[in-house]
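Notes for the structure review
Below, each chain spelled out in residue letters.
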Amino acid sequence: MLSVSNLEVVYEDVILVLRGVSLEVPDGQIVGLLGANGAGKTTLLRALSGLLDIHHGKVTRGRITLDGERIDHLDPQQIVARGISQVLEGRRVFAEFTVEENLRVGAHTKPNDRAKNLERVFELFPRLLERRTQTAGYLSGGEQQMLAIARILRTGAKLLLLDEPTEGLAPVIVQQIGRTIREIKARGFTVLLVEQNFRFAQTVADRHYVMEHGRVVDMVPNSELSASMGRLHEYLGV
Ligand code: ATP
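To start, this report covers the structure provided alongside it. (Residues numbered from 1 in each chain as written. Predicted model: local features only at pLDDT ≥ 70, side-chain atom pairs only at ≥ 80, totals over all residues. Heavy atoms only, no water.)

Here we come to the environment of Val31. Looking at the element boundaries, Val31 is found in strand E3 (residues 30-35). If sequence neighbours within four positions are ignored, Val31 has contacts with Glu24, Val25, Pro26, Val191, Leu192, Leu193, Ala205, Arg207 and Tyr209. (Helix = DSSP H or I, 4+ residues; strand = E, 2+ residues; numbered from the N terminus. Contact = heavy atoms within 4.5 Å.)

In this section: the site of the ligand. The environment of the ligand is formed by 16 residues, the closest being Gly38, Gly40, Lys41, Thr42 and Thr43. The contact in question runs from an oxygen atom of the ligand to an N or O atom on the side chain of Thr42, over 2.7 Å. Burial of the ligand by the surrounding chains reaches 68%, relative to a free accessible area of 630 Å². Breaking the shell around the ligand down by element, the ones donating at least two residues are strand E2 (15-25) and helix H1 (41-49). (Near = heavy atom within 4 Å. Polar contact = N/O pair within 3.5 Å; in protein donor to acceptor, adjacent residues only side chain to side chain. Areas by Shrake-Rupley, 256 points an atom, 1.4 Å probe, with all protein chains shown as cover.)

Direction of pairing for strand E9 (residues 207-212) relative to strand E10 (residues 215-221): antiparallel, over a ladder of 6 bridges. Within E10, the residue paired with Glu212 across the bridge is Arg215. (Pairing = 2+ DSSP bridges.)

Okay, the sheet that holds strand E8 (residues 190-195) next. Across the sheet, which stays open at both edges, the 6 strands sit in the order E6-E7-E8-E3-E9-E10 with mixed pairing between neighbours. Each edge of the sheet is formed by a strand with only one pairing partner; in this case those strands are strand E6 (84-87) and E10. Sheet twist, expressed as the average angle between the axes of neighbouring strands with direction ignored, equals 20°. Across 5 bridges, the pairing between E3 and E8 is parallel. What sits directly across from Gly32, in E8, is Leu193. Strands in contact with H1 are E3, E6, strand E7 (159-163), E8 and E9; relative to E7, the strand with the most contacts, it is inclined by about 150°. (Axes fitted to C-alpha atoms, helices over the stretch in contact; angles between N-to-C directions.)

Now the structure itself:
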């Protein structure tokens, strides 16, 4: 289980952005992280994946643990090695490489496992198998998002951090991404999903945390999300 306890993050030594965030991501679950622009969702993901440094941020209080072991002092490579990987906001693929080349770059598996692992990823994303030799830059937005997710599965990730995977995508593609995320869960992966689209989050997540001004202000089990829509609209300012 990933556990965040009373986490405080400061940028440039003075800008306090996370003001004591606590949440838990149990193994095998999909946990939604909702909140308006600027609530601190991306900052929390950066803290989890060890990417605060490059944004001139640091953890000043609290802790992050994975299965009881502290990981908040680790660098990004060490965190990836523990099975936590992030798909950044937007679709980060190598546009000039083919689909298969994208999946071969940065695969941290042992050489002998590589082919097997690649075939497993293609099982999960049959669309990418069809497009195996195509240049990634020419894929549709949804396919690029799937490729970005597939790439982090290739790093050996067990816990995926997804930052607004449906942003800017057409409704039919959003449904595809939803199916993919549910399939990922069915295969035993864990997902922390940052979303502003809580109707989408509702179709995939087991529980939702709501962030406002650098704090977690609510936790809603998915079964209660519909009944909480009014409250959520207020938090999200929509
Ligand atoms: P969005 O959905 O708009 O990305 P968010 O909830 O992910 O919002 P963050 O991106 O974490 O929020 O931003 C939280 C606050 O931290 C914002 O006020 C933002 O301006 C500030 N912030 C983010 N990165 C930095 C940085 N590198 N230096 C200073 N302030 C930053």
